[in-house]
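Descriptive structure summary
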Amino acid sequence: MSQPLNVRIRGTGSFLPQKVLTNEFFASYLDTSDEWIVSRTGIHERRQISGDETMCSLSVEAARRAVSDAGIAMQDIELILVCTATPETNIPAAACWIQAELGLPGVPAMDLNAACSGFVYGLIAGAQMIESGCYCNVLVIGAEVLTRFTDYQDRSTCVLFGDGAAAVVLSPSEQAEPNILYYEMGADGRRATDIWMPAGGSKLPASHSTVDEGLHFMRMKGRELFKLAVVKLEELIDRALSEAGVKADDLKLVIPHQSNLRIIELTRERLGLPPEKMAVNIDRYGNTSAASIGIALDEARRSGQLQSGDLVLLAAFGAGVTWATLLLRL
Ligand code: ACO
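Quantities reported herein were computed from a predicted structural model and do not represent experimental measurements. (Residues numbered from 1 in each chain as written. Predicted model: local features only at pLDDT ≥ 70, side-chain atom pairs only at ≥ 80, totals over all residues. Heavy atoms only, no water.)

With respect to the helices and strands, the residue T267 is situated in helix 9 (residues 261-271). Between the C-alpha atom of T267 and that of E235, which follows or precedes it by 32 residues, the distance is 9.7 Å. Those residues in contact with T267 that lie beyond four places of it in its chain are L233, E234, I237 and M278. (Helix = DSSP H or I, 4+ residues; strand = E, 2+ residues; numbered from the N terminus. Contact = heavy atoms within 4.5 Å.)

Structure follows, in C-alpha cells:
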C-alpha cells in the first residue's frame with residue numbers, strides 16, 4: 001500500500017497543434033474508412049505538429065498555461081520533469097530545451113520515459129520529491145509527437161496517434177488531509193516489443209539501412225495489447241479503490257489513458273460507471289501517449305467538470321509495457 005502524500009495539483013495547462021488530420025485524410029490514400037476507424041478505435045480526428053511546432057514548443061505553451069493557472073511566477077518552479085517517449089533530441093533531455101525556453105537556467109530538468117504511463121509516473125515522482133522536502137513547486141509535463149515516428153503507409157498504426165502536450169504544477173498541500181490517496185506504478189519489460197521502435201537507440205543507431213527498412217517507425221501488436229490493456233486497467237482501478245477504501249460511486253471522474261475507445265468503454269462497463277464519469281478525448285486527439293491524461297485533466301478542470309475537492313482516478317497503460325494509477329482529491 002502506498003503512503004498518502006500531502007501534495008496537490010496547483011495548476012494545469014495543455015496545448016494542441018492547430019493542424020487536424022481527419023479520418024477522410026487516411027481514407028483518401030489508404031485501404032481504410034471513417035467507419036472502420038471510428039468503430040474500431042473511437043477516433044474521429046487527431047492533431048499533428050506543422051511549421052515550426054515541435055515537442056518542445058507544445059510543452060512550453062502547456063507549461064506557461066499551467067504556471068499561470070497555478071497563480072505563481074515561472075521563477076517559482078524548482079524542478080522540471082518531462083514525461084515523453086518522443087523527446088526533442090536524444091541528447092540533451094527535452095527538459096533542458098524546455099527549461100531554456102521557460103527562462104529557468106539552473107533549475108534541475110530531466111526526462112522520464114514510461115510511454116503512455118509517463119504522465120502518471122511523472123506525477124508520482126514529482127509528488128515524492130515534494131513529500132521528501134526537496135522541492136516546493138514541481139512542473140510535470142507530458143508531451144508527445146508520435147506522428148513523427150508513425151509510418152503513414154501502415155494503416156494499422158497511422159490512424160491511431162496524435163500530438164499534444166499537458167502540464168501540471170505540483171505543490172505541497174496546505175490541508176490536513178492528504179490530496180494523493182493512493183498510487184501505483186509497474187512495468188513488464190518481457191513485453192518490450194509489443195510496442196517499440198527498433199532503431200534510433202544505441203543498440204541500432206540510424207544508418208541508411210535502418211532508414212531503408214523503416215526501423216524508425218513505431219511497431220505495435222495491437223490485438224495482444226488490447227486484451228492486456230482491458231484486463232490490466234480493470235485490475236489497477238479495482239486495486240486503487242479497495243486499497244484507498246473508496247467506492248467507484250465516490251469518484252467524480254476516471255481519466256484513463258486514451259488508446260482505444262473500446263478499451264475505455266469496456267473498463268467503464270466493468271466498473272459500472274456512467275459515461276459522464278469516464279473522461280474521453282481520443283475522439284478529438286487520438287492516442288497522445290504521455291499527454292493524453294494531462295490534456296483530459298486540464299480540459300475537465302477548465303470546463304468546470306472537475307472542481308476543488310473532487311476525487312479523480314488516473315489510470316494508464318502503455319509501451320514497456322508500463323502501467324500506473326493515481327487517486328487524488330483536487
Ligand atoms: N482500416 C481498415 N482495416 C484495418 C485498419 C484500418 N486502419 N487497421 C487494421 N485493419 C485490419 C487489419 O489488417 C485486420 O485485417 P485482417 O483481419 O484482414 O487481417 C483487421 O482490420 C483486424 O485487425 P486487428 O488488429 O485485429 O484490429 P483491432 O480490432 O484489434 O484494432 C487496434 C486494432 C485499434 C490497434 C486495437 O488492437 C488497439 O487499440 N489495440 C490496443 C493499443 C494499445 O493499447 N496500445 C497501448 C498504448 S500505445 C503506446 O504506448 C504508444
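The structure having been displayed, the exposition proceeds.
Let us look at the nonpolar core. Ranked by internal contacts, the top residues of the largest apolar core, which has 43 residues, are F26, L241, L251, L313 and L327. If you list the elements that add at least two residues to this core, you get strand 8 (180-187), helix 8 (222-244), helix 9, strand 12 (311-318) and strand 13 (322-329). Per element, the largest residue contribution to this core is nine residues, and it comes from helix 8. Counting contributing residues, this core receives three or more from each of domain 1 (7-172) and domain 2 (180-329). If sequence neighbours within four positions are ignored, L241 has contacts with V246, K247, A248, L251, L271 and L313. (Core = buried A, V, L, I, M, F, W, Y, C linked by side-chain atoms within 4.5 Å. Buried < 20%, exposed > 50% of the residue type's maximum accessible area, 1.4 Å probe, protein only. Domains from an automatic or database assignment.)

Moving on, we come to the packing of helix 8 against helix 9. One can describe the packing of helix 8 onto helix 9 by two numbers: an axis separation of 10 Å at closest approach and a directional angle of 40 degrees. The orientation of helix 8 relative to helix 9 falls into the category oblique. In this structure, the crossing between helix 8 and helix 9 has a hand that is right-handed. Side by side, helix 8 and helix 9 meet where F226, A229, V230, L233, E234, I237, D238 and L241 of the first sit next to R262, I263, L266, T267, R270 and L271 of the second. Of the residues belonging to the contact of helix 8 with helix 9, the class tally is nine nonpolar, one polar and four charged. (Axes fitted to C-alpha atoms, helices over the stretch in contact; angles between N-to-C directions. Parallel < 35°, antiparallel > 145°, perpendicular 65-115°, else oblique. Left-handed = near helix turned anticlockwise from the far one by under 90°. Nonpolar A, V, L, I, M, F, W, Y, C, P; charged D, E, K, R; others polar.)

So, on to the packing of helix 3 (residues 55-70) against helix 4 (residues 94-102). In contact at an axis separation of 9 Å, helix 3 and helix 4 are set at 55 degrees when each is read in the N-to-C sense. Here helix 3 is positioned oblique relative to helix 4, judged by the angle of their axes. The element helix 3 and its partner helix 4 pack so that their crossing is right-handed. Of the residues in helix 4, those in contact with M55, C56, S59, V60, A63 and R64 of helix 3 are A94, W97, I98, E101 and L102. Looking at the contact of helix 3 with helix 4 residue by residue, the class counts come to eight nonpolar, one polar and two charged.

Attention now goes to the sheet that holds strand 1 (residues 7-15). Within the open sheet, the five strands sit side by side as 1-7-6-4-5. Their pairing is mixed. Edge positions in the sheet fall to strand 1 and strand 5 (109-112), since each of these pairs with one other strand and no more. Adjacent strand axes in the sheet meet at a mean angle of 20 degrees when their direction is disregarded. As judged from the eight bridges shared by strand 6 (residues 138-145) and strand 7 (residues 163-172), these two strands associate in the antiparallel manner. Residue pairing for strand 7: V140 is matched across the bridge by V168. Running over the sheet, helix 3 touches strand 1, strand 4 (79-83), strand 6 and strand 7 and is turned about 135 degrees from strand 1. Seen against the sheet, helix 5 (residues 118-131) touches strand 1, strand 4, strand 5, strand 6 and strand 7 and runs at an angle of roughly 20 degrees to strand 7. (Pairing = 2+ DSSP bridges.)

Taken as a whole, the chain is organised into domain 1 (7-172) and domain 2 (180-329). Taken over C-alpha atoms, the centre of domain 1 sits 14 Å from the centre of domain 2. Counting from both sides, the interface comprises 49 residues of domain 1 and, opposite them, 44 residues of domain 2. In total, about 3800 Å² of surface goes out of reach between domain 1 and domain 2, with carbon and sulfur atoms giving 63% of it. (Buried area = accessible area lost by both parts, 1.4 Å probe.)

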